Amino acid sequence: MEVRVRYAPSPTGNQHIGGVRTALINYLFARSQGGKFLLRLEDTDRTRYSDEYVKNLYDTFKWLGFYWDEGPDVGGPSAPYIQSERFALYKEHAEKLVSMGQAYYCFCAEDRLAKLHADAQDEEAGEGGSYGYDRRCRNVDPAEASRRLAAGEKAVIRLKIPLDGTTKFRDALLGDIEWKNADVSPDPVLLKSDGFPTYHLANIVDDHLMHITHVMRAQEWISSTPMHVIMYRAFGWTPPEFCHLPMVLGQDGSKLSKRHGATSLNEFRKNGYLPEALINYVAHLGCSYEEGREIFTLKELEGLFRVEKLNKASAVFDYTKLEWYNGQYIRMKTDAELAALVMPFLAAAGLVAAGSDGAPAPGPAQAAVVLGAMPLVKERLKFLTDAAPMMRYLFEEPALPAPEEFIPKKLDAARAAELLAAAAALLPSCDLADVPACEAAFRAEAERLGAKFGDLMMPLRVAATGSRVSPPLFESIHLVGLEKCLARIERARKLLVP
RNA sequence: GGCCCCUUCGUCUAUCGGUUAGGACAAAAGAUUCUCAAUCUUUAAAGAGGGGUUCGACUCCCCUAGGGGCUACCA
């Protein structure tokens, strides 16, 4: 039988690390088994829904670079893949369950339910146990229920959870799990009074109708799984295989959330992360692949993924390690690739020309400088966002640093000015395309002046780039241009000897 | 409170009864070096506690502790 798995997000927020992790593992599992990965939009919560989140979902996965085989935007044999477009299906199935005696209409008012809930909260210190719905409507005579319905009374449909006995299921990761039915949520709502299904109903109906073979979702869902199994049986269906994935936690050990830092993929993208790095890091959360290796391509992960390699314990999201991955992937880019990646950030910083839509539109000269700078900055970047501040001096006249910035340790302003003048005098005779030759010439000059090579370089560096920390100097001067650099040097020299 | 899941260096992990408990990130030290990086070398760092089972437990079982999740007409 063909493996079919799905990612079933609810468009009530932007895509975040947790969701992407679930999607990725489903995707990897499908690929490793030669199966299908589908996307289903679970938009049954009308109060929190927004179109913007649907758009964000598509944008995010296009950027990440792994996509579903079937889904609302790409179609497929189980269409439609949007639950709001399957509206009639759920009502029909809920009513079927009622007619089979497996579910019932509940007429309880919301305020009575709220009071029930509040009372249960108050009794927390007590014996415990009396949680959830009290099943008052479970034994309403079906004939009476029809009468009240016909009279226009509002109702929800609830699933009958067996009062005793146990429910068992096997989790592919956690093994056999058995629950007392008394501990299962008492008669959960399947169909809300607005006619929309709850997650539980829609999920089961769709997974069955879409022939989903494996349900892989976060471990926070595990406690509703017995209820889902009961529902499958009530319908007379065979449940799929379950696999509950370890959770992703923040540094403090609680479920990863905004207060732990960036969690939405929007933010990672904006902050200069590479999709490859994110994918690789997220794939390694709670899962190992091959010993002694950290870097994998998506294709390799697809081939190596095994459910048995998943870890049972939840994992802490480590931004520092992700940062390292990001640097690794940046270094793997060719100069041309990296230039293209960095360009939008340079345009946003105003270093490079941009069109009216904000997209980069560099002229040939700017493009050449960016490309030429790639070998200088590549191994210094951790994020794409690091490029603009690091490359600013290539496009703009740097602000004149304070005089002390120019002065090497143990020297004074007069000496620094002298070294600057020597550098300015030497530079025009150097072939800036030949770095070793430039360096040799400067070393000789330093010796002649009785100065340390570093002490000759530092004032020059600060003058040419505006900072004591910069990409390699001779290459930088070459990119900026000799004339401009001589002017920068002269400006600095005047600052030191007024 | 109840129910469920989990527990190897600070973090992510390897180990599927017998290892000097391995690797990666971070940290520290060193090498290299025109600054900063990158790179290379080295160091420090772990089986929550207590009982069993076994010739032998990180590994299997039980208890305790700790962490997490769920407990909605949200997913």
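The rules behind the values
Residues numbered from 1 in each chain as written. Chains lettered and ligands numbered in written order. Predicted model: local features only at pLDDT ≥ 70, side-chain atom pairs only at ≥ 80, totals over all residues. Heavy atoms only, no water. Phe/Tyr/Trp six-rings, centres within 6.5 Å; stacked < 30°, edge-to-face > 60°. Helix = DSSP H or I, 4+ residues; strand = E, 2+ residues; numbered from the N terminus. Buried < 20%, exposed > 50% of the residue type's maximum accessible area, 1.4 Å probe, protein only. Domains from an automatic or database assignment. Near = heavy atom within 4 Å. Polar contact = N/O pair within 3.5 Å; in protein donor to acceptor, adjacent residues only side chain to side chain. Contact = heavy atoms within 4.5 Å. Salt bridge = Lys/Arg side-chain N within 4 Å of Asp/Glu carboxyl O. Patch = residues over 30% accessible without salt bridge, like charges linked within 9 Å, V, L, I, M, F, W, Y side chains within 5 Å. Areas by Shrake-Rupley, 256 points an atom, 1.4 Å probe, with all protein chains shown as cover. Lys, Arg positive; Asp, Glu negative; His and termini not counted. Charge placed at Lys NZ, Arg CZ, Asp CG, Glu CD.

**Considerations on the packing of aromatic side chains**
For the structure on display, the rule yields 22 aromatic pairs. On the numbers, 6.3 Å between centres and 15 degrees between planes, the contact of Phe268 with Tyr319 is stacked. Of this pair, Phe268 sits in helix H8 (residues 265–270) while Tyr319 sits in helix H11 (residues 319–332); the two residues are 51 residues apart in sequence, bridging distant segments of the chain. Overall, the relative accessible area of 0% leaves Phe268 in the buried class. Consider the rings of Phe317 and Tyr319, whose centres lie 4.9 Å apart with planes at 70 degrees: the pair is edge-to-face. When sorted by exposure, Phe317 lands in the same class as Tyr319, which is buried. Aromatic rings pair up to connect Tyr7, Tyr27, Phe37, Tyr58, Phe61, Phe66, Tyr67 and Trp68 into one cluster.

**Observations concerning the domain arrangement of chain A**
Many analyses report the size of an interface as the accessible area lost when the parts associate. Partitioning chain A into domains gives domain 1 (4–81 + 249–316), domain 2 (83–245), domain 3 (334–395) and domain 4 (403–496). The straight-line distance from the C-alpha centre of domain 1 to that of domain 4 is 50 Å.

**Quick notes on the protein's contact with RNA strand B**
The full set close to RNA strand B counts 67 residues, and Gly286, Glu379, Arg380, Arg443 and Ser470 are the nearest of them. Sugar plus phosphate: this is where 70% of the atoms of RNA strand B within 4 Å of the protein reside. Ser223 is positioned such that a nitrogen or oxygen atom in its side chain is 2.8 Å from a sugar or linking oxygen of RNA strand B. Lys321 is positioned with one of its side-chain polar atoms (N or O) 3.1 Å from a base nitrogen of RNA strand B. Breaking the surface near RNA strand B down by element, the ones donating at least two residues are helix H4 (110–122), strand E4 (156–159), strand E11 (315–316), H11, helix H16 (435–449), helix H17 (453–465) and helix H18 (473–480). Sorting elements by how many residues they give to the surface near RNA strand B places H11 first, with 5 residues.

**Points about the side chain of Arg40**
Along the chain, Arg40 turns up in the loop between strand E2 (36–39) and helix H2 (51–64). Only 2.9 Å separates the side chain of Arg40 from the side chain of Asp207, close enough to count as a polar contact. With near-sequence residues (within four places) excluded, Arg40 lies in contact with Arg6, Tyr7, Ala8, Pro9, Tyr81, Gln83, Asn203, Asp206, Asp207 and Met210.

**Some details on the pattern of salt bridges**
Evaluation of the coordinates by the stated rule reveals 35 salt bridges. In this structure, Arg48 and Asp45 form a salt bridge, with 2.8 Å as the shortest nitrogen-oxygen distance. With a shortest N-O distance of 3.6 Å, Asp176 and Arg170 are connected by a salt bridge. Residue classification places Asp176 among the exposed residues on the basis of a relative accessible area of 58%.

**Concerning a positive patch on the surface**
On the surface, Lys409, Lys410, Lys452 and Arg468 cluster together into a positively charged patch. As for its placement among the helices and strands, Lys410 is situated in the loop between helix H14 (387–395) and helix H15 (413–426). The class for Lys410 is exposed, based on a relative accessible area of 82%.

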